[in-house]
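Spelled out from the first residue to the last, the chains are:
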Amino acid sequence: MASGYAELLRARHAARLLTGTLVGRLPNATGHIAIVLFTRAEGGSYSLAGVLAAVYGLATAVGQPLLGRAVDLRGQPRVMLPAAVLSALGMALFATVGLEPLPVAYAAMLMAGFFTPPLEGGLRALWPSVLKREDRVHTAYALDAVAQEVMFTVGPLLVTLLVAVWSEAAALLVINVLGVLGALSVVVSPPSRTWRSAPREAHWLGALRSPGLLALLGAFLFVGMALGSITVAALAYADDHGGDTVYGVLLAGLGLGALIGGVAYGARQWTGAPERRLRILIGLLALGYLPLVLTPGTVPMAALSVLSGLFLAPALACAFVVVDRHAPRGTVTEAFSWLVTTFTVGASLGTAVAGPAVELSGTGAGFAVAGAGGLTAMLVLLATRRVLAVPAPESGAGAPVENDRNAAREPGLGAGHQA
């Protein structure tokens, strides 16, 4: 199992690109936490902290696909490095000015969020030219999903450490300096500098003109909703069963399950149409969420949280391949950025729905939102199975193209689609 990942990381530039991307994404992974901590340290209310974090998140969701399209048109270095610098300057402005005047704080959040560089989609755009072989690209997708779980676990710990050792403002500044350095490491690498998107048809919808991609985004809106609702429901559960420690255990269990599932999924080669496999994985993910509504004691609940995360990373890794097959030619970075945006919006919806559900009907109702989100995602994939059965004509279903992210396909898939 580990040998496959080790072989991948020994490929030239692979470890550097993965590490640089993860470090470059630290500001986004920890932004909401750092914003809340800094706002509270400046004397702001929890409501103001939540609003500022929400502005940052929404600005990120808007900026990702737009910057992704710019990367497809202009290349990675010309877009990603300036965006990383502007995003860091937005956070630096926030850390320097604080909450007064408040309009400046909001403007800083808009700037920091909107210019968050689309490093996640950019990395997936580089894998085919770096790894060459389709089986390695597939393994890279699974490793990518696993690495995300590590980043979202380590990142918050780093923020809290910086706050304890230094200050909340310092945490904002250090995390964003690291983000710029990570982005710089990626964009000065030979694969990033030489990568060019395939020629694309001029169309104002860009990647969104693909019906298959729209179907996938519709499903992952509800997957994001499920995850967002779990963060709220888990907090309500923890309030009744031991406080912050229990909350940390439940979220860590969710991440541990995703790590286990991602490592296992990437340990083998998969054959057959990824769209069919994605339906199965999303169905299993939904089934993993349903037992959470039982809200048993702390130990069994921790075990259920591990179970609920088990199929998340495999579903994401499989979704990356489906994006490849359905993204119109020349729109791959934009397409992956839309997946990030959809997931983010879904998570925001989940937190918004789970809160009232908990207040009206208790903790179990909050977890029921997660189960409903997972089941709805599966129903979307079932309802759109015919649309998903036909990859975009210009997509990766055709012959491989050098430096074309759309050329990547899963092992076992031929040049044409297999239903």
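Residues numbered from 1 in each chain as written. Predicted model: local features only at pLDDT ≥ 70, side-chain atom pairs only at ≥ 80, totals over all residues. Heavy atoms only, no water.

1. Brief notes about the overall build of the protein chain
Argument step 1. Scanning the protein chain from N- to C-terminus turns up 18 helices and 0 strands.
Argument step 2. By sequence separation, contacts in the protein chain at least 24 residues apart represent 83% of the contacts at least 6 residues apart. (Helix = DSSP H or I, 4+ residues; strand = E, 2+ residues; numbered from the N terminus. Contact = heavy atoms within 4.5 Å.)

2. Here's the deal with a nonpolar patch on the surface
Argument step 1. Taken together, the side chains of I280, L284, L287, L290 and L375 define a hydrophobic patch exposed on the protein surface, amounting to about 390 Å² of accessible area.
Argument step 2. Ranked by residues supplied to the nonpolar patch, first place goes to helix α13 (residues 274-289) with 3 residues.
Argument step 3. Of note, L375 is situated in helix α17 (residues 363-383).
Argument step 4. Taking the relative accessible area as the measure of exposure, L375 reaches 32% and is therefore partly exposed. (Patch = residues over 30% accessible without salt bridge, like charges linked within 9 Å, V, L, I, M, F, W, Y side chains within 5 Å. Areas by Shrake-Rupley, 256 points an atom, 1.4 Å probe, with all protein chains shown as cover. Salt bridge = Lys/Arg side-chain N within 4 Å of Asp/Glu carboxyl O. Buried < 20%, exposed > 50% of the residue type's maximum accessible area, 1.4 Å probe, protein only.)

3. Some remarks on the packing of helix α3 (residues 26-41) against helix α8 (residues 134-165)
Argument step 1. Put simply, α3 and α8 touch, their axes get as near as 9 Å, and they point 40° apart. Taken together, the axes of α3 and α8 are oblique relative to one another. At the point where α3 passes α8, the crossing takes the right-handed sense. Contact with α3, carried on its side by L26, A29, T30, I33, A34 and L37, involves M151, F152, G155, P156, L158, V159 and V163 of α8 and no other residues of that element.
Argument step 2. Among the residues making up the contact of α3 with α8, the classes are represented as 11 nonpolar, 2 polar and no charged. (Axes fitted to C-alpha atoms, helices over the stretch in contact; angles between N-to-C directions. Parallel < 35°, antiparallel > 145°, perpendicular 65-115°, else oblique. Left-handed = near helix turned anticlockwise from the far one by under 90°. Nonpolar A, V, L, I, M, F, W, Y, C, P; charged D, E, K, R; others polar.)

4. Describing the side chain of S229
Argument step 1. Along the chain, S229 falls in helix α11 (residues 211-241).
Argument step 2. Engagement of the side chain of S229 in a polar contact is seen with the backbone nitrogen of A370, the distance being 3.3 Å.
Argument step 3. Setting aside residues no more than four positions away along its own chain, S229 makes contact with G350, T351, A354, G366, V369 and A370. (Polar contact = N/O pair within 3.5 Å; in protein donor to acceptor, adjacent residues only side chain to side chain.)

5. A short note on the confidence of the model for the protein chain
Argument step 1. Residues at a pLDDT of 70 or more form 90% of the protein chain, whose mean pLDDT is 83.
Argument step 2. A low-confidence stretch, residues 394-419 (pLDDT under 50), is modelled with 85 contacts involving residues beyond four sequence positions or located in other chains. (pLDDT = per-residue confidence, 0-100.)

6. Here's the deal with the packing of aromatic side chains
Argument step 1. What the rule picks out here adds up to 5 aromatic pairs.
Argument step 2. With 4.9 Å between their ring centres and 65° between their planes, F38 and F94 make a pair best called edge-to-face. Taken together, the positions of F38 in helix α3 and F94 in helix α5 (residues 76-97) put the pair 56 residues apart, joining distant regions of the chain.
Argument step 3. Accessibility expressed as a relative area gives 2% for F38, which makes it buried.
Argument step 4. You can call F94 buried: its relative accessible area is 1%. (Phe/Tyr/Trp six-rings, centres within 6.5 Å; stacked < 30°, edge-to-face > 60°.)

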